[in-house]
Amino acid sequence: SLIGCAAESSPANAGAEETETGITKEETAVEQPAEETDGDAEIRALISSMTTEEKLAQMMIVALRSDVTNTDTATELGPDYTELLQKYDFGGVILFAGNIVDPAQTVTMTRGIQESAMGSAHGIPMFICVDQEGGMVNRVSFGTCGSGNMALAAAGDPALAEETARILGDEI
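Quick look at the structure, then. (Residues numbered from 1 in each chain as written. Predicted model: local features only at pLDDT ≥ 70, side-chain atom pairs only at ≥ 80, totals over all residues. Heavy atoms only, no water.)

**Description of helix α5 (residues 103–118)**
Right, on to step 1. Over its 16 residues, α5 extends 22 Å from the first C-alpha to the last, a length consistent with the 22 Å expected when each residue adds 1.5 Å.
Right, on to step 2. When we look at burial in α5, the residues that qualify are Gln105, Thr106, Met109, Thr110, Gly112, Ile113, Ser116 and Ala117. Looking straight down α5, one finds its buried side chains confined to an arc of 155°; they lie on one side. In α5, the exposed positions angled more than 90 degrees off the buried face are occupied by Ala104, Thr108, Arg111 and Glu115.
Right, on to step 3. Residues of α5 that are buried make contact with α4 (78–88), β2 (92–95) and β3 (127–130).
Right, on to step 4. You can read the cap of α5 off the contacts: a side-chain oxygen lies 3.1 Å from the backbone nitrogen of Ala104, and it is on Asp102. (Helix = DSSP H or I, 4+ residues; strand = E, 2+ residues; numbered from the N terminus. Expected span 1.5 Å × (residues − 1). Buried < 20%, exposed > 50% of the residue type's maximum accessible area, 1.4 Å probe, protein only. Arc of directions from axis to C-beta. Contact = heavy atoms within 4.5 Å. Polar contact = N/O pair within 3.5 Å; in protein donor to acceptor, adjacent residues only side chain to side chain.)

Quick look at the structure:
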């Protein structure tokens, strides 16, 4: 068997037939995909109707900057961004500290982003991302800051990291 694997001694694998590598056939079995739903068929049809450019755009998360030097960020969508998001049908938008003023402004902006996405050729909702890791990377000025990733790792408690992520996610 492979070093570090307990396939031979595992009660679950008792009597299981091994391959040439010493791994049981059960361990190498590929899980069969779930039965396809109508939604899956719709997604496949949508993807097959897209051009390569449209598929690539769907894989992109873009930042909303308000100047050509990429140093200032937009706090409202405006007609130029609305047109851009509808034209290119990006997969999502990432918000940074400069995009986020307060909860009401953020809700208005994210609603505008989704309305733009729904008005695009394919009408696919966007992922809306926030660069909010906690600790020193704290882009949202309201709500819980949270501990940084290094501090969470040093605590050695995965449940603490999970709880921090839940709180940040719920608030955002």
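**Some details on the side chain of Asn99**
Right, on to step 1. Its place among the elements puts Asn99 in the loop between β2 and α5.
Right, on to step 2. Residue Asn99 is classed as buried on the basis of its relative accessible area, which comes to 1%.
Right, on to step 3. Side-chain polar atoms of Asn99 contact the backbone oxygen of Leu64, separated by 3.1 Å.
Right, on to step 4. Only 2.6 Å separates the side chain of Asn99 from the backbone oxygen of Ala74, close enough to count as a polar contact.
Right, on to step 5. Among residues more than four places away in sequence, those in contact with Asn99 are Leu64, Thr73, Ala74, Thr75, Ile94, Gln105 and Met109.

**Details of the sheet that holds strand β1 (residues 61–63)**
Right, on to step 1. As summarised here, the arrangement of the 3 strands in space is β1-β2-β3, forming an open sheet in which the pairing is parallel. The open sheet is flanked by β1 and β3, the only strands paired with a single partner. Looking at each pair of strands side by side, their axes are set apart by 30° on average, direction ignored.
Right, on to step 2. Bridge count for β1 against β2 is 3 bridges, and the pairing is parallel. Looking at the pairing, Val62 lines up with Val93 of β2.
Right, on to step 3. Here α5 sits on the sheet and contacts β2 and β3; the angle it forms with β2, its principal contact strand, is near 160°. (Pairing = 2+ DSSP bridges. Axes fitted to C-alpha atoms, helices over the stretch in contact; angles between N-to-C directions.)

**Brief notes about the pairing of β2**
Along a regular strand, successive side chains alternate from one face of the sheet to the other.
Right, on to step 1. Of the pairings in the sheet, the one linking β2 to β3 comprises 4 bridges and is parallel in character. Looking across to β3, one finds that Leu95 is bridged to Val130.
Right, on to step 2. Regarding topology, α5 serves as the crossover connection from β2 to the parallel β3, and that connection is right-handed. (Right-handed = clockwise from strand over helix to strand, strands pointing away.)

**Here we look at the pattern of salt bridges**
Right, on to step 1. For the structure on display, the rule yields 2 salt bridges.
Right, on to step 2. Note that Glu163 is salt-bridged to Arg166, the shortest N-O span being 2.7 Å. With Glu163 and Arg166 both in helix α7 (residues 158–171) and 3 residues apart, this pair spans about one turn of that helix.
Right, on to step 3. Residue classification places Glu163 among the partly exposed residues on the basis of a relative accessible area of 36%.
Right, on to step 4. Among the residues examined, Arg166 registers a relative accessible area of 41% and is labelled partly exposed.
Right, on to step 5. Note that Arg166 and Asp170 form a salt bridge whose closest N and O atoms lie 2.7 Å from each other. Placement of the pair is Arg166 and Asp170 together in helix α7, with a separation of 4 residues, close to one helical turn.
Right, on to step 6. Each of Glu163, Arg166 and Asp170 takes part in salt bridges that share partners, so that together they form one network. (Salt bridge = Lys/Arg side-chain N within 4 Å of Asp/Glu carboxyl O.)

**With respect to the environment of Thr75**
Right, on to step 1. Secondary-structure assignment places Thr75 in the loop between β1 and α4.
Right, on to step 2. Through-space distance from the C-alpha of Thr75 to that of Phe96 is 9.9 Å; in sequence the pair is 21 residues apart.
Right, on to step 3. Each residue touching Thr75, except ones within four places of it in the same chain, is listed here: Gly98, Asn99, Val101, Gln105 and Met109.

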